[in-house]
Each structure stands twice: as structure tokens, then as C-alpha cells.
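Listed below are the residues making up each chain.
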Amino acid sequence: MALDAPTPIAAYDAPEKDLYDIGEMPPLGYVPKQMHAWAIRRERQGEPEQAMQLEVVDVPTLDSNEVLVLVMAAGVNYNGIWAGLGKPISMFDVHKQPYHIAGSDASGIVWAVGEKVKRWKVGDEVVIHCNQDDGDDEECNGGDPMYSPTQRIWGYETPDGSFAQFTRVQSQQLMPRPRHLTWEESACYTLTLATAYRMLFGHEPHELKPGMNVLVWGASGGLGSYAIQLINAAGGNAIGVISEEDKRDFVMGLGAKGVINRKDFNCWGQLPTVNTPEYKEWFNEARKFGAAIWAITGKGNNVDIVFEHPGEATFPVSTLVCKKGGMVVICAGTTGFNCTFDVRYLWMHQKRVQGSHFAHLKQASAANKLMLERRLDPCMSEVFPWAEIPAAHTKMYKNQHKPGNMAVLVQAPTTGLRTFEDALEAGRR
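Let us look at the structure shown here. (Residues numbered from 1 in each chain as written. Predicted model: local features only at pLDDT ≥ 70, side-chain atom pairs only at ≥ 80, totals over all residues. Heavy atoms only, no water.)

Structural notes on the state of the cysteines
Part 1: Overall, the coordinates contain 0 disulfides when judged by the stated rule.
Part 2: Of the cysteine sulfurs around Cys130, a residue in no disulfide, the closest is that of Cys331, at 11 Å.
Part 3: Exposure remark for Cys130: the relative accessible area of 1% places this residue in the buried category.
Part 4: Left without a disulfide partner, Cys188 is nearest to the cysteine sulfur of Cys379, which lies 8.1 Å away. (Disulfide = S-S within 2.5 Å. Buried < 20%, exposed > 50% of the residue type's maximum accessible area, 1.4 Å probe, protein only.)

A look at the pairing of strand 3 (residues 66–76)
Part 1: The buried fraction of strand 3 is high, at 11 of 11 residues.
Part 2: Sheet analysis places strand 3 next to strand 8 (residues 166–170), joined by 5 bridges and oriented antiparallel. Each residue of the ladder has a partner; that of Leu68, found in strand 8, is Arg168.
Part 3: Alignment of strand 3 against strand 17 (residues 405–409), held across 4 bridges, turns out to be antiparallel. Each bridged residue has a counterpart across the sheet, and for Ala73 the counterpart in strand 17 is Leu409. (Helix = DSSP H or I, 4+ residues; strand = E, 2+ residues; numbered from the N terminus. Pairing = 2+ DSSP bridges.)

Observations concerning helix 2 (residues 78–85)
It helps to recall that an α-helix has 3.6 residues per turn; residues three or four apart then point in one direction.
Part 1: Considered for burial, the residues of helix 2 that qualify are Asn79, Gly80, Ile81, Ala83 and Gly84.
Part 2: The secondary structure elements touched by the buried residues of helix 2 are helix 1 (48–51), strand 7 (152–153), helix 5 (190–201) and helix 12 (389–397).
Part 3: Gly86 occupies a position one or two residues after helix 2 and carries a positive phi of about 75°. (Contact = heavy atoms within 4.5 Å.)

A word on the packing of helix 5 against helix 6 (residues 222–233)
Part 1: Between helix 5 and helix 6, the least distance of the axes is 8 Å, while the angle of their chain directions is 50°. The angle between the axes of helix 5 and helix 6 places the two elements in the oblique class. With respect to the hand of their crossing, helix 5 and helix 6 are arranged in right-handed fashion. For the pair formed by helix 5 and helix 6, the contact residues are Thr192, Leu193, Thr195, Ala196, Tyr197, Leu200 and Phe201 on the first element and Gly222, Leu223, Tyr226, Ala227, Leu230 and Ile231 on the second.
Part 2: Across the contact of helix 5 with helix 6, the residue classes tally to 10 nonpolar, 3 polar and no charged. (Axes fitted to C-alpha atoms, helices over the stretch in contact; angles between N-to-C directions. Parallel < 35°, antiparallel > 145°, perpendicular 65-115°, else oblique. Left-handed = near helix turned anticlockwise from the far one by under 90°. Nonpolar A, V, L, I, M, F, W, Y, C, P; charged D, E, K, R; others polar.)

Focus on the packing of aromatic side chains
Part 1: The final tally for this structure, using the stated rule, is 17 aromatic pairs.
Part 2: Taking 5.4 Å as the distance between ring centres and 90° as the angle between the ring planes, the aromatic pair formed by Phe265 and Phe289 counts as edge-to-face. Of the two residues, Phe265 is situated in the loop between strand 12 (258–261) and helix 8 (277–297) and Phe289 in helix 8; the sequence distance between them amounts to 24 residues.
Part 3: On the accessibility criterion, Phe265 (14% relative accessible area) is buried. (Phe/Tyr/Trp six-rings, centres within 6.5 Å; stacked < 30°, edge-to-face > 60°.)

So, the pairing of strand 4 (residues 106–113)
Part 1: Of all 8 residues in strand 4, 7 are buried; the element is thus mostly enclosed.
Part 2: Note: strand 3 against strand 4, 7 bridges, orientation antiparallel. Among the inter-strand pairings, Leu70 is bridged to a residue of strand 4, identified as Ile109.
Part 3: Bridge count between strand 4 and strand 5 (residues 125–128): 4 bridges; the pairing is antiparallel.

Purely spatial values, then, with no claim about function.
As C-alpha cells, then:
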């Protein structure tokens, strides 16, 4: 399938100023001194609407391999909540800067480039993946950059994320923007899609293959919605787990083979002590959950891969229902970090527990290519204006968000725009 061909940005008139209003466009390539940003400071860490406050800050300066991007729209992820709370760790203890701009997903336009940047030029429309590294160790040169000791997540472990008019990134973080999508659709998918891609295809020999059965926790969320689509595209069978019955049709519509509502079972939380009455009750409920999986996969067919991210609440069941020689791959702990399990089912059935953390450029690019080729849906659920960025995070924090991925507008003046010229015209109106 042919990809959308890039077209250069047409000339337009705009004044040179030190600071521009949100949605106001500077001349192409002109870098003002300051910008508007939603900033977090140590003294106000807490829930999103306390932690995130509007400030005017300096536009970042570039190193030789860095790029300045005019942010058109951004995505909402749980790490913005963690950054605001300062839990499980305060990012001020990581990057040592006086303020923190969250946001680890964005679509935008290359606005300035460092002197060593060759792959990108001013005016290129891009999406940003969130992995950074220093690029000068063995893992970055022949190994896996995600194992580099310098690996860090932009917008979380760095002070300059996407909830600002401009953001500074490494040139290797940029990928072509799917031009058939709106700015907000382009902004909402990269973190969760690339994370899901590495989980399913990045841990040999347990890469997803046709015919495999995969249990997907949180199937209606950002990670889960991409896992379902990737499994379906690869010829596997996705079994989605939901917590609300009204999400069933959404997950089935993504291509799941079947859906299970976890609220029909009572085997969640940390594992009871083995060989106690409480353990027996847990085990009987967990077997009922396993039987619900068999109703989809066929009797006796446990899942090849468990796509894990809730952590504490689900991990004991995940390690039980995974097949012999299968893999539980985990990338988060949204219900808690104290994971427990019955180790007998791990060693005697020779299962693998694999940690997985975002993705390197090759994996992120492979995932992005599927979006460029229109093989995946970004599953954007809600779009919030610039002024409601903290409120969007509050909605996620309270688990009140809709199925799919959330986006926020930054320089894009309204929703539904697909080109920079559209944004200029909408801004004039």
C-alpha cells in the first residue's frame, strides 16, 4: 500500500515575537525565546490538577544531535500522573531540574535541528517515540538500546515532554507522521503501540506467531487495544479481559476471538499463602477463570502468551493460566508493584516471566509502519483542549476515561485538522 506522500509547507506571513499564544504559529523555523507549558514543580507534587500549572518557560536549546519540534497535539499516558504524584519516585530526583514538563507522546513539525542532524529537516511532520539514550555504549551499537545504562523515557525521566508549545528530542526519536490521520490521532498512539509491539514481538523465542493464543489484560485500554489489533494482524487469537460489560463490543470490534469479564471471578490480588483454605478458594476461582479461557481456545488449550500490565491484582492468575513453556510478559504495575505467584507453576511447567519496557527505534518504526499503511486504528477515544490537560489526567487517574487512547491539543487550534495549512487557516478563523 502506498504511503501518503509528504508535501512542503507553503509560505505564510507571521510576525517574529519572543512569545506566542497557544495556537499562534511563528514563522516556519523561527524559534522564540519563551513558550507556554504545563509545568510540575516539586513543591506542588500531587494529583494532576494540583501538580500541573500553566507557566511561561524558556524554549529549550539544542545539542548537535537534537531536534526542536513544534507540538501540534500530545497523548495522555499514566506516566504523567506518576510524574505529578512524585510516586513511585520523584522525577526531580532523576533529572535534577527545577521543573518538569510531562508528556511522552506527540505529533508535530520539525522546527529546528542540531548541526549533526541529517535525517530530518525543518518542516517535516513527525511523531515522536519516547526512548532516549546516549548512543555511545555497546547496547546502542550492536545490542539492544533498551538495555543501555543510559536508557530513559522522554517526558518522564527527562524534564522536557510534550505538554508545551515546543519540545526537545533526540533525532532518533522521530518517525514519519501518518498524514491520513489528524494531528490528535497521530499524537495518541506511539507509546502504547510501540510498547505492545515489543511485548509481542521483541522477546525471542517467544515472539507472537500465527495461531498463538494470547490473554490480554485491560483489553479496552491503550495498551490492550493495540495488543488486540497486533495479535489479529499476525494471525493470532486474542482473548481480551475487561472490567466493564459495556466494553465487550469495543474489544470484539478490534478483532478479539473472545472476551472475559474479570468481575465474574474472585481471584484478584496477592496470592494467599499456599496450602491454606484461602489458597484453595483462590485456586478454585482461578480454575474457573481458566475454564473461561478454554471456552474460547478449546478445552486444555492454555494461552501461549499473557500480555500483563496490571501487575499485583492479576499476576498470580497470569502465571497459572499460561501454558507450559509459555511466557508472561509484563510492562507495568497499574494495580500495584508487589507481584506474587505460586512458583511451582513456573519452574515445573518451565514458564517464562519477561519484563518489557517500551521499545527501541527499529521496533517503534515497525509498529509505526503498520499505522502508516493504515493497518491499525489509533483507537482515539477523547480529545481535550490545551486548557484541560490536567483534567484529562485526572480522568485517567480516576479510571473514568473511555476505551482507547486520549489526546490533547497543543498548537493545533481545533480537532479534525490534517495539515499545517489547515491549522493556519483554523487559527486565522
